[in-house]
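Examination of the molecular architecture
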Amino acid sequence: MNLVLFGPPGAGKGTQARVLQESRGWPQLSTGEMLRDACRRGTQLGVKCRELMDRGELVPDEIVVGIIADRLDQPDCADGAVFDGFPRTIAQAEALDAILAKRGRQIDLVIELKVKDEILVARVEQRIRDGGQSRADDTPQTLRHRLSVYYKNTCPLLDYYRAQGKLAGVDGMAAIPAVTAAITALIERGSQSGAAPVSAAETQNSRVAKL
Ligand code: AMP
């Protein structure tokens, strides 16, 4: 199954993608992780992207689309993958559809992790208090900017996937195992019916308090 985990920065997409990688063997394709790795290794790509990433801006579509196209050709993606932090723009989603179609595949399910903005900010503040901040963009100020980028550029994808009948949603504010259970139920339902589950309650975009 090719599954997109969708949601604002800090919603828990990475945590849930790692769980799915472990339990189902679908690799976690996190463009953020791949770009951070390029930054750490000091590659040309990393140098080009670092400043944008530190400011919480998106890197250009062609860069992330190229990374994902290469990654999907690797054999571990043959049975599917979990997309984490990609696509983030309509252009990326269209490119992803085309890349998968060329390989005779498609996105099967998109799961939105719904988390209120104030909870995302509180989580970052808590990480900093605990001394657990590990990324330059993991500050309340940059998170607020990343959220505004998310609402402007990424949220329109909800309509894109809703129109394709692929969108479902879970409460991302529940405890981690409860979120995993909700995701598992959606995957099971999706693979039984051959189509993604869609209901008004599930797909309603829970746009929450603006910062
Ligand atoms: P993430 O780890 O997914 O929060 O991504 C960290 C940063 O990497 C983002 O704030 C962007 O600067 C960049 N990035 C990751 N994925 C994408 C993407 N799909 N499109 C554009 N920029 C991205």
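Details of the structure are given in the entry above.
Predicted, not measured: the structure shown is a model, and the values here were computed from it. (Residues numbered from 1 in each chain as written. Predicted model: local features only at pLDDT ≥ 70, side-chain atom pairs only at ≥ 80, totals over all residues. Heavy atoms only, no water.)

Taken together, 16 residues lie around the ligand, and Thr31, Arg36, Glu57, Gln92 and Arg146 are the ones closest in. In the environment of the ligand, a nitrogen atom lies 3.0 Å from a nitrogen or oxygen atom belonging to the backbone of Gly85. Arg88 places a polar side-chain atom, nitrogen or oxygen, 2.9 Å from an oxygen atom of the ligand. Here the ligand loses 96% of its free accessible area of 480 Å² to cover by the protein chains. Looking at which element gives the most residues to the shell around the ligand, the answer is helix α2 (residues 31-41), with four residues. In the shell around the ligand, the residues fall into six nonpolar, four polar and six charged. (Near = heavy atom within 4 Å. Polar contact = N/O pair within 3.5 Å; in protein donor to acceptor, adjacent residues only side chain to side chain. Areas by Shrake-Rupley, 256 points an atom, 1.4 Å probe, with all protein chains shown as cover. Helix = DSSP H or I, 4+ residues; strand = E, 2+ residues; numbered from the N terminus. Nonpolar A, V, L, I, M, F, W, Y, C, P; charged D, E, K, R; others polar.)

Turning to the sheet that holds strand β4 (residues 109-114), a few remarks are in order. With respect to topology, five strands assemble into an open sheet ordered β2-β3-β1-β4-β5, the strand pairing being parallel. With one partner strand each, in any of the chains shown, β2 (28-30) and β5 (167-171) form the two edges of the open sheet. Across the sheet, the mean angle separating the axes of adjacent strands is 25° when strand polarity is ignored. Pairing of β2 with strand β3 (residues 81-84), which is carried by three bridges, proceeds in the parallel orientation. Among the inter-strand pairings, Gln28 is bridged to a residue of β3, identified as Val82. In the packing of α2 onto the sheet, the strands contacted are β2 and β3, and the crossing angle to β2 comes to about 65°. (Pairing = 2+ DSSP bridges. Axes fitted to C-alpha atoms, helices over the stretch in contact; angles between N-to-C directions. Contact = heavy atoms within 4.5 Å.)

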